[in-house]
Amino acid sequence: MKDTYYHKGMRKKLVQQLKSKGIEDQRVLEAIGAIPRHFFLDNAFEELAYEDQALPIGNEQTISQPYTVAFQTQLLEVKQGEKILEIGTGSGYQACVLAAMGAKVYSIERQEALHLWTVELFHKMGVKNVRCYFGDGYKGLPKKAPFDKILLTAGAKEIPEQLKEQLKIKGKMVAPVGEKTQEMYQITRVAEGEFIFQVYGKFKFVPFKRGVNKKK
Ligand code: SAH
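Can you break down the sheet that holds strand β9 (residues 194-203) residue by residue, with the values?
The strand order across the open sheet built from seven strands is β5-β4-β3-β6-β7-β8-β9, with neighbouring strands paired in mixed fashion. Sheet topology places β5 (130-134) and β9 at the edges, where each strand pairs with a single neighbour. The sheet shows a mean angle of 15 degrees between the axes of neighbouring strands, taken without regard to direction. Where helix α5 (residues 112-125) meets the sheet, its contacts fall on β4 (104-109) and β5, and the angle it forms with β5 comes to roughly 160 degrees.

Now the structure itself:
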């Protein structure tokens, strides 16, 4: 795993591109500028790691497009020291972006093979502040709740009640909602039983599924 001047140069260009597409949160741009996205991909995709596109990570899943990662992270309004639950660890890239912004991250993945791969990668990279769990994120992570923020990185038909219940008051959740394509929701828990929904642009995610997939 090497992060060369070539990679760093490519990353700078990617950050410029994200800025020109409307990402304004300087801390999000800094995190994306700092994290070697090519570490999260198979060597075969190294050349494409800094293009603004989603890429396959195995098990029919994808690492989200950098713009999507930046957009979701910006909507999450991450602050230093916050406790964040991510659903859909996938490659681990998004979790690393949150950790680089000073968050304490809990991330769940339903595909055991991906979960194990990411745990090993984080170990090799020396990533701290991300705890990975294998399980069905539909139920959230009640034993670690409540969270300041919850980020869903798979497309959901609807937002599970259990997840909303695991937000602190004033906490926020960002989730893509819809079947074939999704709209980005930002949900704020303003009081115990009161939520405000704001809807942003259209995106395309892999589906949010129930249950787990054990490694064969
Ligand atoms: N955040 C990831 C994006 C991965 S794509 C990254 O940065 O690479 C979405 C991931 O959500 C997939 O790995 C998929 O297996 C996972 N997923 C889908 N439904 C899930 C569920 N109910 N619980 C946990 N993970 C889920």
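On we go from here.
Please set out the environment of glycine 22 residue by residue, giving values where relevant.
For glycine 22, the location among the structural elements is in the loop between α1 (5-20) and α2 (26-34). Distance from glycine 22 to phenylalanine 71, taken between C-alpha atoms, is 8.9 Å for residues 49 residues apart in sequence.

Quick rundown of the site of the ligand? Include the residues and the values.
Neighbouring the ligand are 27 residues; Glu86, Ser91, Glu109, Gly137 and Lys209 lie closest to it. A distance of 3.1 Å is found between an oxygen atom of the ligand and a backbone nitrogen or oxygen belonging to glutamine 94. Contacts to the ligand include lysine 209, whose backbone N or O atom sits 2.6 Å from a nitrogen atom. Here the ligand has 590 Å² of accessible area as a free molecule, and 99% of this is covered by the chains. Comparing atom positions with the cavity grids shows the ligand to sit within the largest pocket. Here the element with the most residues in the shell around the ligand is strand β2 (residues 61-63); it accounts for three residues.

Could you give me a rundown of the layout of surface pockets, with the residues and numbers involved?
Its boundaries defined by the atoms lining it, the largest pocket holds a volume of some 530 Å³. Forming the boundary of the largest pocket are 36 residues, of which Gln61, Thr62, Thr153, Ala154 and Val206 lie nearest the centre. Only β2, α3 (66-76), β3 (83-87), α4 (93-100) and β4 provide two or more residues apiece to the lining of the largest pocket. Looking at side-chain class alone, the lining of the largest pocket contains 14 nonpolar, 16 polar and six charged residues. Quantified by volume, the second largest pocket comes out at close to 270 Å³.

Please give an account of the packing of aromatic side chains that cites residues and values.
For the coordinates displayed, the defined rule picks out 10 aromatic pairs. Measuring from ring centre to ring centre gives 5.8 Å for tyrosine 106 and phenylalanine 147, while their planes differ by 65 degrees; the resulting arrangement is edge-to-face. In this pair, tyrosine 106 sits in strand β4 while phenylalanine 147 sits in strand β6 (residues 147-152), placing the two residues 41 residues apart along the sequence. Taking relative accessible area as the criterion, phenylalanine 147 reaches 0% and is therefore assigned buried. Grouping aromatic residues by their ring pairs yields a cluster made of Tyr67, Phe71, Tyr200, Phe203 and Phe205. If you follow lysine 83 out to its NZ or CZ, it ends over the ring of phenylalanine 147, 5.3 Å from the centre.

Got a sec to walk through the nonpolar core? Specific residues and values, please.
With 44 residues, the main nonpolar core has Leu18, Ile23, Ile32, Phe40, Tyr93, Val97 and Leu98 as its most contacted residues. Where this core is concerned, the elements lending two or more residues are α1, α2, β1 (55-58), α3, α4 and α5. Isoleucine 32 has contacts with Arg11, Leu14, Val15, Leu18, Pro66, Ala70, Tyr93 and Val97, leaving out every residue within four places of it along the chain. In this structure, Leu85, Ile108, Leu163 and Phe195 belong to the second largest nonpolar core, which totals 21 residues.

Please set out the pairing of β1 residue by residue, giving values where relevant.
The pairing of β1 with β2 spans three bridges and is antiparallel. Paired with leucine 55 across the bridge in β2 is isoleucine 63.

Definitions and cut-offs
Residues numbered from 1 in each chain as written. Predicted model: local features only at pLDDT ≥ 70, side-chain atom pairs only at ≥ 80, totals over all residues. Heavy atoms only, no water. Pairing = 2+ DSSP bridges. Helix = DSSP H or I, 4+ residues; strand = E, 2+ residues; numbered from the N terminus. Axes fitted to C-alpha atoms, helices over the stretch in contact; angles between N-to-C directions. Contact = heavy atoms within 4.5 Å. Near = heavy atom within 4 Å. Polar contact = N/O pair within 3.5 Å; in protein donor to acceptor, adjacent residues only side chain to side chain. Areas by Shrake-Rupley, 256 points an atom, 1.4 Å probe, with all protein chains shown as cover. 1 Å grid on protein atoms, 1.4 Å probe; cavity = no way out; pocket = protein on both sides within 12 Å on 5 of 7 lines; lining within 4 Å. Sits in = over half its atoms within 2 Å of the grid points. Points joined across faces, edges and corners; volume = space filled by probe spheres on them. Nonpolar A, V, L, I, M, F, W, Y, C, P; charged D, E, K, R; others polar. Phe/Tyr/Trp six-rings, centres within 6.5 Å; stacked < 30°, edge-to-face > 60°. Buried < 20%, exposed > 50% of the residue type's maximum accessible area, 1.4 Å probe, protein only. Lys NZ or Arg CZ within 6 Å of the ring centre and 35° of its normal. Core = buried A, V, L, I, M, F, W, Y, C linked by side-chain atoms within 4.5 Å.

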